[in-house]
Structure formats: structure tokens, C-alpha cells
Amino acid sequence: MGIMKKILSLLAVALWAYGSPSVAQTYPNRAIRIVLPWPAGGITDVIMRAVNLHLTEAFGQQLVIDNRPGAGGTLGVAMVAKAPADGYTLLMSDIASHCISATLYGTKLPYDTLKDFQPIMLVAGSPMVLVANPAPQVRTLRQLIDLAKSRPGQLSYASSGSGAITHLAAVRM
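Every residue gets a number counted from 1 within its own chain, in the order that chain's sequence is written. In view of the model being predicted, local features appear only for residues whose pLDDT reaches at least 70, and side-chain atom pairs are presented and counted only at 80 or more, with totals across whole chains, interfaces and linings using the full set of residues. Side-chain numbers here rest on the full set of heavy atoms in the structure, without hydrogens or water.

## Looking at the overall build of the protein
In step 1: Secondary structure elements are taken from DSSP: a helix is a run of H or I of four residues or more, a strand is a run of E of two residues or more, and numbering for both begins at the N terminus. The secondary structure content of the protein amounts to six helices and three strands.
In step 2: Listing every helix and strand of the protein by position from the N terminus yields α-β-α-β-α-β-α-α-α.
In step 3: Burial classification: accessible surface area is computed with a 1.4 Å probe over protein chains only, and a residue below 20% of its type maximum counts as buried, one above 50% as exposed, and the rest as partly exposed. Considering the protein as a whole, with its 173 residues, one finds that 24% of them fall into the buried category.
In step 4: Sequence separation of 24 or more characterises 67% of the internal contacts of the protein that already satisfy a separation of 6 or more.
In step 5: Only the protein chains shown count as cover for residues, with accessible areas throughout obtained via the Shrake-Rupley method and a probe of 1.4 Å. Surface exposure of the protein reaches about 12,300 Å², of which carbon and sulfur atoms provide 63%. Contacts are assigned to residue pairs with any non-hydrogen atoms lying within 4.5 Å of each other.

Listed below in C-alpha cells is the structure:
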């Protein structure tokens, strides 16, 4: 058998083996990790856990939720940016980690919001709601602002962390 026939035979066997079902892999063939850069129990976590049930069924694979809070979402996002780009580590985040952090920290972020990620889909919208204890009889934002001005340093508020949308909204008021 000539050298050319041997090379072509070897190539044919290699292509057959590569294209055979025993070698071909389908996605996903193992668990998918979804990183949430926020603590468990927050709105992103609640939404992802509801969506997780449907995705697990659709993919036929387990989706593991991995909460990695810290630094306004940037710690978990940085972890995903450094993960292999194989589709087995995904990010479920919100406006804070990509828009707000990119604006606040710019080039100091350990990731590039445009180059390191590929958006897949918008999962949900989440309106912000301002609530107050009913005792001071505050019914409008103007009344709350007036009350805060009349009692400097006496009122407090909660947010999901420095640089988060809830923090910036409160500062903006």
C-alpha cells in the first residue's frame, strides 16, 4: 500500500471516529454552575432559584447555584470572568456588576464588562420599592426627605451594599 493510501486511510478512520456518536459530546454533559454575585435570599437569588427548576428540566442536567457575594457583586463576577469559557460556569447578575461597577471603578475592575462576557438573555425585571415604618406617618418621598432633614443623623436605611443600585438610589435622594 502506498504512503498516500495509508495517510488517506488513517485520515478516514480518524474522521469516522471523530464523527461517531461514541466520541461526540452534547452540551451539557455535566452539571452547570451558575454564579450569583449576591447573598442567598436576595432578589437575584430568588429569581434564579425559580428559573433553576425549569432550566434543570430543559437541560436534563443539574444547575448548581453558587452564591459568591462581596464588593458590590464584583467578586463573583471576577471569578466567572476567570473561569474557562466552556459554558459550564455561567453568571446570573444584575445592573450593579456590569453597569454600576464599571462606572464607579472603571479600569480598576478585575474584568472587562464588554470583553469578558457574552450576554445570553434577560431573565427578569425587578422594580425598586421604597418602604418605611408606618409610625412616623410618612406617605410620600417628599415627606420622607423632609423628615430626614428635620432629624439629621437619626434615620437609617438598608441596602444590599456599597455601590449596589439600592445604595446609589438612597444616596441620590
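## Focus on the sheet that holds strand E2 (residues 63-67)
In step 1: Spatially, three strands are ordered E2-E1-E3 in an open sheet, and the strand pairing comes out parallel. Bordering the open sheet on either side are E2 and strand E3 (89-91), each of which pairs with just one other strand. On average, each strand axis in the sheet is inclined to that of its neighbour by 30°, with strand direction left out of account.
In step 2: Note that strand E1 (residues 32-36) and E2 share five bridges and pair parallel. Bridge pairing links Arg33 to Val64 in E2. For two strands to pair, DSSP has to find at least two bridges joining them. Orientation is described by axes fitted as lines to C-alpha atoms, over the contacting stretch for helices, and by angles from 0 to 180 degrees between their N-to-C directions.

## Details of the pattern of salt bridges
In step 1: Definition used for salt bridges: Asp or Glu carboxyl oxygen within 4 Å of a side-chain nitrogen of Lys or Arg. This model, assessed by the stated rule, comprises five salt bridges.
In step 2: Where Arg68 meets Asp66, a salt bridge forms, and the shortest distance between an N and an O atom there is 2.9 Å.
In step 3: A residue is classified by how much of its surface remains accessible, and Asp66, at 14% relative accessible area, is buried.
In step 4: Among the ionic contacts, a cluster of salt bridges with common partners joins Arg33, Asp66 and Arg68.

## Considerations on the environment of Val129
In step 1: Tracing the backbone through its elements, the reader meets Val129 in the loop between helix H4 (95-105) and helix H5 (141-150).
In step 2: Taking relative accessible area as the criterion, Val129 reaches 68% and is therefore assigned exposed.
In step 3: A C-alpha to C-alpha distance of 9.5 Å links Val129 and Thr166, two positions 37 residues apart in sequence.

## Quick notes on the side chain of Ser101
In step 1: Inspection of the secondary structure assignment puts Ser101 in helix H4.
In step 2: Ignoring sequence-local partners within four residues, the contact set of Ser101 consists of Gly72, Thr74, Ala96, Gly106, Leu109 and Tyr111.

## Section: the confidence of the model for the protein
In step 1: Residue-level confidence of the predictor, termed pLDDT, takes values from 0 up to 100. Per-residue confidence for the protein gives a mean pLDDT of 82; residues scoring 70 or more make up 86%.
In step 2: Note that pLDDT drops below 50 for residues 4-18; the model gives that stretch five contacts with residues more than four away or on any other chain.

## A look at a nonpolar patch on the surface
In step 1: Candidates for patches are residues over 30% relative accessible area with no salt bridge; among them, like charges are joined within 9 Å and nonpolar side chains (Val, Leu, Ile, Met, Phe, Trp, Tyr) within 5 Å. A cluster of nonpolar residues, Ile95, Met128 and Ile165, forms a patch on the protein surface that exposes about 260 Å² of accessible area.
In step 2: Tracing the backbone through its elements, the reader meets Ile165 in helix H6 (residues 165-172).
In step 3: Taking relative accessible area as the criterion, Ile165 reaches 33% and is therefore assigned partly exposed.

## Looking at the side chain of Asp45
In step 1: Here Asp45 is to be found in helix H2 (residues 43-59).
In step 2: In the analysis that follows, any N or O atom pair within 3.5 Å is treated as a polar contact, provided that within protein one partner can donate a hydrogen and the other can accept it, and provided that, for residues neighboring in sequence, both atoms belong to side chains. One polar contact links Asp45 to Asn67, side chain to side chain, over a distance of 3.1 Å.
In step 3: Those residues in contact with Asp45, other than ones at most four positions away along the chain, are Leu36, Pro39, Ala40, Ile65 and Asn67.

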